[in-house]
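Tertiary structure, described
One-letter residues, chain by chain:
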Amino acid sequence: MKSRILGNSRLKVSALGLGCMGFTQSYPPYISDEEAIKVIRTAYEKGVTLFDTAEVYGPYTNEVLLGKALAPFRDEVVIASKFGFDLVKGNDTDGPNGRAVGLSSRPESIRLAVEGSLQRLGTDRIDLYYQHRVDPTVPIEDVAGTIGDLITEGKVLYWGLSEASADTIRRAHHIQPLTAVQSEYSMWYRAPEENVLPALRQLGIGFVPFSPLGKAILTGRFDQNSTFDSDDFRSQIARFSPDNLSQNLQLVDYVKLLASNKNVTPAQIALGWLLAQYDYIVPIPGTKKVERLDENLASTGVAFSQSELEDIRQTLNKFAVVGERYPESQEKLTEK
Ligand SMILES: NC(=O)c1ccc[n+]([C@@H]2O[C@H](COP(=O)([O-])OP(=O)(O)OC[C@H]3O[C@@H](n4cnc5c(N)ncnc54)[C@H](OP(=O)(O)O)[C@@H]3O)[C@@H](O)[C@H]2O)c1
């Protein structure tokens, strides 16, 4: 497995990480904890060293699962988790673990979150700790200061932001240098190319694209008749609605064409293309299946020439992807 470093911080990780959210939410059907632990451990055996989770996944259950899975080789891996959602306690309506009701990055909330995550992950430090969404009510300088204290205390080793604007990234980095920014980026969602990626290149900060397979659409798995169960997050996303799917699949047909030209799979094109954008980029595709893990990891061997990348960029620009990538209530939590 090839490795990469996340920016000037020199944090070394496998060129692809494993996104673990889907083990417990968003993309049913789910597998048992035992099976999930097997997939996570197989990823480690195959050379994956970056594992991505968050307090809010579950909430809480994803961190417990990941902590259990990684316990035998905890010192060999980089655990990334996230804080920043305001979670209400469990009850009859909100389920046993409660749910997120907004954002909270006040210093006392971060301290509470880190202690909970450390306990659930069964570790004494979080290698890479992201603010999950920027809290508009708390200056990013205060967040950076709190994380700086946690780094001094050894509870956090490196930190990052998720879905933050270039301006917030610069302000945060000035106070406490960032190792990585994690935002959505893929062949069908390229907004970070505008301001975020240029800022990261300039500042020497790593980039961890989430949903790098476009929540599976770029794998070529869906057609215009695909539908999603109500508990599948894609059922709430306009880009996957029956009205928009057939137009959006035109871009996927192009990805399939690129794949057949290179004799690889569409998923490998989607991930290989991301890896080719920036040396400090480390995508974190999620899968619950070992055979898909193998397929995804092989994308580190897919190469693109500069002229191929330019052709692809120009062709992708011609596809108008229709529909929002998030329901409105979630989109408004991301910084523009
Ligand atoms: N910071 C944030 O706000 C944020 C938001 C979303 C996600 N994330 C992180 O990013 C990670 C990845 O994002 P994501 O899970 O949303 O999207 P993704 O990685 O783009 O797609 C995951 C979906 O693709 C399927 N899949 C994976 N490999 C495949 C293959 N080779 N062929 C066919 N299908 C394949 C998975 O199905 P199976 O599982 O059935 O294989 C799952 O349905 C998450 O796990 C999470 O850790 C972060």
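1. What about helix α3 (residues 107-121)?
Under the 1.5 Å per step criterion, the end-to-end length of α3 is 21 Å for 15 residues, consistent within 8% with the ideal 21 Å. Those residues of α3 that are buried lie in contact with α2 (61-70), β5 (78-83), β8 (126-131), α4 (140-152) and β9 (156-162). Two residues or fewer after α3 comes glycine 122, characterised by a positive phi angle close to 65°.

2. Some thoughts on the site of the ligand
Around the ligand, the surrounding shell holds 32 residues, and the nearest of these are Tyr27, Asp52, Arg133, Leu213 and Thr287. Between the ligand and the protein, one listed contact pairs an oxygen atom with a backbone N or O atom of lysine 215 at 3.0 Å. At a separation of 2.9 Å, a nitrogen atom of the ligand approaches a polar side-chain atom of asparagine 296. A total of 910 Å² of accessible area belongs to the ligand in isolation, and the protein chains cover 96% of it. When residues in the shell around the ligand are grouped by element, the largest group, 3 residues, is from helix α9 (residues 290-297). Taken together, the residues that form the shell around the ligand break down as 12 nonpolar, 10 polar and 10 charged.

3. Some details on the packing of aromatic side chains
Enumeration over the complete set of coordinates arrives at 11 aromatic pairs. Centre to centre, the rings of phenylalanine 83 and tyrosine 129 are 4.8 Å apart; their planes meet at 50°, and the pair counts as tilted. Linking phenylalanine 83 in strand β5 with tyrosine 129 in strand β8, this pair joins segments that are 46 residues apart in sequence. The pair formed by phenylalanine 83 and tyrosine 129 is uniform in burial state, with each residue classed as buried.

4. Focus on the layout of surface pockets
The volume enclosed by the second largest pocket comes to roughly 380 Å³. Lining of the second largest pocket is provided by 19 residues; of these, Glu55, Tyr60, Phe85, Leu87 and Leu112 occupy positions nearest its centre. Listing elements by their share of the lining of the second largest pocket, those giving two or more residues are β6 (85-88) and α3. If you tally residues by element for the lining of the second largest pocket, the top one is α3, at 6 residues. Taken together, the residues of the lining of the second largest pocket sort by class into 8 nonpolar, 6 polar and 5 charged.

5. Structural notes on the side chain of glutamine 176
Assignment of secondary structure puts glutamine 176 in the loop between α5 (166-175) and β10 (180-184). Among the residues examined, glutamine 176 registers a relative accessible area of 19% and is labelled buried.

6. Thoughts on the pairing of strand β2 (residues 11-14)
As defined by bridge partners, strand β1 (residues 3-6) adjoins β2 across 4 bridges and the pair is classed as antiparallel. Looking at β2, one finds that isoleucine 5 is bridged to lysine 12. What sits between the antiparallel neighbours β1 and β2 is a turn of 4 residues, in which glycine 7 has the positive phi angle 75°.

Here is what the cut-offs are and how they apply
- Residues numbered from 1 in each chain as written.
- Predicted model: local features only at pLDDT ≥ 70, side-chain atom pairs only at ≥ 80, totals over all residues.
- Heavy atoms only, no water.
- Helix = DSSP H or I, 4+ residues; strand = E, 2+ residues; numbered from the N terminus.
- Expected span 1.5 Å × (residues − 1).
- Contact = heavy atoms within 4.5 Å.
- Near = heavy atom within 4 Å.
- Polar contact = N/O pair within 3.5 Å; in protein donor to acceptor, adjacent residues only side chain to side chain.
- Areas by Shrake-Rupley, 256 points an atom, 1.4 Å probe, with all protein chains shown as cover.
- Nonpolar A, V, L, I, M, F, W, Y, C, P; charged D, E, K, R; others polar.
- Phe/Tyr/Trp six-rings, centres within 6.5 Å; stacked < 30°, edge-to-face > 60°.
- Buried < 20%, exposed > 50% of the residue type's maximum accessible area, 1.4 Å probe, protein only.
- 1 Å grid on protein atoms, 1.4 Å probe; cavity = no way out; pocket = protein on both sides within 12 Å on 5 of 7 lines; lining within 4 Å.
- Points joined across faces, edges and corners; volume = space filled by probe spheres on them.
- Pairing = 2+ DSSP bridges.

Shape is all these values report; function is a separate question.
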